[in-house]
Amino acid sequence: MRRNRAVAVIAGAAAALFALTACQPDSQAGGGSPTLAPVAETSAVASPSASPSVTASPSPTPTKTTTPTKTTTTSSCQQGPRQKEVETALAKLGTWGPIVVDGHQTDADCATIKKFQKRFGISPANGRAGDTTASVAKRLAATDPAKCQAGTGLVACVDLTHQTTYIMKGGKVIWGPTVTRTGMAGYATPSGWFKIFDRSPKHWSNPYKVWLPSWQQFYNGDGFHETTTYIHNTGIGSHGCVNLLKVDAQKYYATLGYGSKVHLYGRRPGT
């Protein structure tokens, strides 16, 4: 009787121990750290020297990236208030370098605008699209060489309306268009056809007491010459002459001569 009772006690203790062991985490398989997830059933017993199991992380879901059609970059040049107008005009001219018409300044835009400003004596030539740069660019873009009616001969053309000038030969523009400044109110430069009848590398103006480099006279006291003031100061003007930048005045003097035709058309605004 006592033997049977002892056997029963031992069997009950073994069952309790088995139940307790089955509910505990596998401390060896888990590297010593408790695991919150249920342990998978296995017939193999982990060895104490076994390496910790590694659970694979789920692969991240690829993110779809949309590439913008244009990336706006920061330019070393300041953006001016007339950015898009200047871009539009320079794109139409198509001769000053890469330019994107979007109203946003980039280093490429800046380099093109600087090149344009330097050529036409705009100060400062800093790549900023301000009022003067916009005015010059738009005037040049609006100049139509067909209006000069030059034919096939050598003709110096002056667009009084847009205050631009250029030289044509053989029906093509061989210089320009470039900027000019003609007679102010009360001294309007006349329109019409004329011929150069006097010229001098350096002419002295008795009425105004000033030297006029690269002088080429075509009507009364009016002629082409290098400007003696900032040509983009449009609040003033000449007394009838066609003012030119130095590079243009020298080119006109080297290209034209006695008897060369000059065609002035249109009218300067405000005169």
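Described below are features of the structure shown in this document.

A closer look at the pattern of salt bridges
Within the structure shown, the criterion is met by 4 salt bridges. As a salt-bridge pair, R82 and E85 come within 2.6 Å of each other at their nearest N and O atoms. Accessibility expressed as a relative area gives 21% for R82, which makes it partly exposed. The salt bridge partner of K138 is E85, with a shortest N-O separation of 2.9 Å. Note that K138 is positioned in helix α4 (residues 131-142) and E85 in helix α2 (residues 83-93), a separation of 53 residues in sequence.

Topic: the packing of helix α3 (residues 107-119) against α4
Following both chains from N to C, one finds α3 and α4 inclined at 80 degrees, their axes separated by 11 Å at the closest point. Judged by the inter-axis angle, α3 sits roughly perpendicular to α4. Note on element contacts: α4 touches α3 through T133, V136, A137 and L140, opposite I113, F116 and Q117. The class makeup of the residues in the contact of α3 with α4 is 5 nonpolar, 2 polar and no charged.

Considerations on the state of the cysteines
Two cysteines, two sulfur atoms, one covalent bond between them: this is a disulfide. Here the structure, examined in full by the defined rule, presents 2 disulfides. Between the sulfur of C77 and that of C110 lies a disulfide, 1.6 Å long from S to S. Remark: C110 occurs in helix α3 and C77 occurs in the loop between α1 (2-22) and α2; sequence separation between them is 33 residues. C110 carries the same exposure label as C77, and that label is buried. What pairs with C148 in a disulfide is C157, and their sulfur atoms sit 2.0 Å apart. Because the torsion about its S-S bond is -85 degrees, the bridge between C148 and C157 counts as left-handed. C157 matches C148 in its accessibility class, with the two residues each being buried. For the protein, numbering the cysteines in disulfides from first to last along the sequence yields the connectivity 1-2, 3-4.

Thoughts on the sheet that holds strand β1 (residues 155-159)
Two modes of strand pairing occur in sheets, parallel and antiparallel, and in both the strands are linked by backbone hydrogen bonds. Taken in spatial order, the 5 strands make up an open sheet running β3-β2-β1-β9-β4, and their pairing is mixed. Each end of this open sheet is capped by a strand with a single partner; those strands are β3 (172-179) and β4 (192-195). Adjacent strand axes in the sheet meet at a mean angle of 20 degrees, parallel and antiparallel pairs treated alike. Where β1 lies against strand β2 (residues 164-169), 5 bridges are found, and the strand directions are antiparallel. Following the sheet pairing, A156 is matched in β2 by I167. Each of β2 and β3 touches α4; the most contacted strand, β3, lies at about 155 degrees to it. Contacting β1, β2 and β3, helix α5 (residues 246-255) crosses the sheet at an angle of about 150 degrees to β3.

Conventions adopted
Think of each chain on its own: its residues are numbered from 1, step by step along the sequence as written. Thresholds applied to this predicted model are a pLDDT of at least 70 for local features of residues and 80 or more for the giving and counting of side-chain atom pairs; totals over whole chains, interfaces and linings are not thresholded and use all residues. Heavy atoms throughout the structure, all of them, feed into the side-chain values; hydrogens and water do not. Salt bridges are defined by distance alone: a side-chain nitrogen of Lys or Arg within 4 Å of a carboxyl oxygen of Asp or Glu. Each residue's exposure class comes from its accessible area (1.4 Å probe, protein chains only) as a fraction of the maximum for that residue type: buried when under 20%, exposed when over 50%, partly exposed otherwise. Segments assigned H or I by DSSP are reported as helices when at least four residues long, segments assigned E as strands when at least two residues long, and all are numbered from the N terminus. Convention adopted: a line fitted to C-alpha atoms gives each axis, helices being fitted over their contacting stretch, and angles between N-to-C directions are expressed from 0 to 180 degrees. Every angle not falling under 35 degrees, over 145, or within 65 to 115 is termed oblique; those three ranges are roughly parallel, roughly antiparallel and roughly perpendicular. Between two residues, a contact is recorded if the distance between any of their heavy atoms is within 4.5 Å. In this count, Pro and Cys sit with the nonpolar residues alongside Ala, Val, Leu, Ile, Met, Phe, Trp and Tyr, while Asp, Glu, Lys and Arg are called charged and the others, Gly among them, polar. The criterion for a disulfide is a pair of cysteine sulfur atoms lying within 2.5 Å. By the convention used here, strands pair only if DSSP detects at least 2 bridges between them.

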